[in-house]
Amino acid sequence: MMRQAGRYLPEYREVREKIGFFELCANAELAAEVSLQPFRRFGTDAVIMFSDILVPLRAMGMEVEMAEGGPRLPHPIASMADVGKLHGFDAAKSTPYVLEVVQRLREAAGDQAAVLTFAGAPWTLACYMIEGGGSKSFSTIKAMLAHDPQTLEALLQLLAETIGEFLASQVEVGAQALQLFDTWAGELSPEDYRRWALPFERRVFQIARRKNAPGILYINGCAGLLEDMATSGADVLSIDWRIELTEARRRVPAFALQGNLDPAALLAPPRVVKRRTRTTIDSLGGQAHILNLGHGILPTTPVECAETFVQTARTWHGIAVPEMEALP
Ligand code: CP3
């Protein structure tokens, strides 16, 4: 599940009462513990390292806070001079805790689960860096794209090199697959996607996949971009819920697909969660499919519904499983 360690879990909220968000990310012992919470509770097939796509931005010299309403970057990037103040970094020196979390998870998961790491793609990170936080219109970065493309280009290039190396270093210490989140690339027209997001995703995969761990690419609102995403260098495309998996399969048949239950489906009663999860699994007949949500799990999700989602996935093989036959 995307953001499978998070606020919908009481044991996560308990840890967060005692520690700030980025402090938690920087505490290898606690971050590993939080990463393992959903694995222990549900028996997921993957342990996702607990961190955030904004963690490497702090190591690049950007100020980032986690406020009530989401991330806040008090000094957004507005010029080439601002880009000049940022820098790449060596993960072993600047974010040793990230590597330690991966190592701890690799040890704890053994042969029971894969350890997944992730990072934000350059376009999506640039959105936060230029907008200064979340955005609805992305008008500041889109204005920069129109009026100061050199600055945007320089920022995206720096991010691609830095994030590529950051991911590669995590694969070196035990991460078995990497997910690249280009969440906000779905806000771009296909033409702008090909110019401002895709080349930098490609560069990240080129660097990070040196060690051959499979790469997964997620875009929120990917339906208009699938054929282009297929040229990014990813092995798996992670699909949001606004498109049928069968249509995605038809359009990019060579790819394993991840997804794509609407996270809001987990707000329904468990029997509905079960039915919708089965429908999602059946749509691809279990072929080259990693079941997941179409975006991050919502903080208001009842734990019981997250459990039903995972349990259904683990016991449903597209054939009538006896204990489930009585259900509608
Ligand atoms: O999947 C996992 O279990 C790993 C953890 C993970 C987090 N963030 C933890 C987190 C992952 C994979 C992310 C990725 C992330 N972070 C993305 C890309 C994926 C996506 O959801 O589109 C983005 C865009 C971010 C940036 C970010 N971090 C936002 C917008 C927020 C606020 C979200 C909200 O609902 O308020 C965060 C905070 C965040 N990252 C939380 C968690 C568990 C909640 C913060 C808290 O504990 O208070």
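Keep in mind it's a predicted model, so treat the numbers as computed, not measured. (Residues numbered from 1 in each chain as written. Predicted model: local features only at pLDDT ≥ 70, side-chain atom pairs only at ≥ 80, totals over all residues. Heavy atoms only, no water.)

Digging into the pattern of salt bridges
- Going through the model one piece at a time under the given rule, you end up with 16 salt bridges.
- Lys 93 is the salt-bridge partner of Asp 90, the closest N and O atoms lying 3.4 Å from each other.
- Among the residues examined, Asp 90 registers a relative accessible area of 39% and is labelled partly exposed.
- Given the relative accessible area of 68%, Lys 93 is considered exposed.
- For Arg 242, the salt bridge is made with Asp 240, and the minimal N-O distance between the two is 2.8 Å.
- For Asp 240, a relative accessible area of 1% corresponds to the buried category. (Salt bridge = Lys/Arg side-chain N within 4 Å of Asp/Glu carboxyl O. Buried < 20%, exposed > 50% of the residue type's maximum accessible area, 1.4 Å probe, protein only.)

Examining the site of the ligand
- Near the ligand there are 22 residues, and of these Arg 3, Arg 7, Tyr 12, Arg 16 and His 295 occur at the shortest range.
- Residue Ala 5 places a main-chain N or O atom 3.1 Å away from an oxygen atom belonging to the ligand.
- Here an oxygen atom of the ligand and a side-chain polar atom of Arg 16 are 2.7 Å apart.
- Taken by itself the ligand offers 880 Å² of open surface, and the protein chains cover 90% of this.
- Looking at the shell around the ligand residue by residue, the classes come out as 13 nonpolar, five polar and four charged. (Near = heavy atom within 4 Å. Polar contact = N/O pair within 3.5 Å; in protein donor to acceptor, adjacent residues only side chain to side chain. Areas by Shrake-Rupley, 256 points an atom, 1.4 Å probe, with all protein chains shown as cover. Nonpolar A, V, L, I, M, F, W, Y, C, P; charged D, E, K, R; others polar.)

Topic: the sheet that holds strand S1 (residues 46–48)
- With parallel pairing, seven strands are arranged side by side in an open sheet as S1-S4-S5-S6-S7-S8-S9. A strand with exactly one partner marks an edge of an open sheet, and here the two such strands are S1 and strand S9 (289–293). The sheet shows a mean angle of 25° between the axes of neighbouring strands, direction not considered.
- Across three bridges, strand S6 (residues 215–218) lies against strand S7 (residues 236–239) in parallel orientation. Bridging from a neighbouring strand, Tyr 218 pairs with Ser 238 of S7. (Pairing = 2+ DSSP bridges. Helix = DSSP H or I, 4+ residues; strand = E, 2+ residues; numbered from the N terminus. Axes fitted to C-alpha atoms, helices over the stretch in contact; angles between N-to-C directions.)

Remarks on the nonpolar core
- Core analysis: the biggest nonpolar cluster contains 117 residues, and Leu 57, Trp 123, Leu 152, Tyr 193 and Leu 237 have the highest contact counts within it.
- A per-element tally of this core places helix H10 (residues 149–172) first, with nine residues.
- Aside from chain neighbours lying at most four places away, what touches Leu 152 is Trp 123, Ala 126, Ile 130, Ile 141, Met 144, Leu 145 and Trp 196. (Core = buried A, V, L, I, M, F, W, Y, C linked by side-chain atoms within 4.5 Å. Contact = heavy atoms within 4.5 Å.)

What about the side chain of Ser 35?
- Mapped onto the secondary structure, Ser 35 falls in helix H3 (residues 28–42).
- The exposure class assigned to Ser 35 is buried, which follows from its relative accessible area of 0%.
- At 2.6 Å, the side chain of Ser 35 and the backbone oxygen of Ala 31 are in polar contact.
- Apart from the residues within four sequence positions on either side, Ser 35 is in contact with Ala 5, Val 47, Ile 48, Met 49, Phe 50, Val 101 and Leu 105.

Some details on helix H12 (residues 198–208)
- The set of residues buried in H12 consists of Leu 198, Phe 200, Glu 201, Val 204, Phe 205, Ile 207 and Ala 208.
- Looking at the buried residues of H12, the elements they touch are helix H8 (122–131), H10, strand S5 (177–181), helix H11 (190–196), S6 and helix H13 (226–229).

Section: the packing of aromatic side chains
- Taken as a whole and judged by the stated rule, the model has seven aromatic pairs.
- Consider the rings of Phe 21 and Phe 22, whose centres lie 5.2 Å apart with planes at 75°: the pair is edge-to-face.
- On the basis of relative accessible area, Phe 21 is assigned to the buried category, the value being 12%.
- In textbook terms, an aromatic cluster arises when at least three aromatic residues are bridged by ring pairs, as seen for Tyr 12, Phe 21, Phe 22 and Phe 50.
- Directly above the ring of Trp 241 sits Arg 242, whose terminal nitrogen or CZ lies 4.0 Å from the centroid. (Phe/Tyr/Trp six-rings, centres within 6.5 Å; stacked < 30°, edge-to-face > 60°. Lys NZ or Arg CZ within 6 Å of the ring centre and 35° of its normal.)

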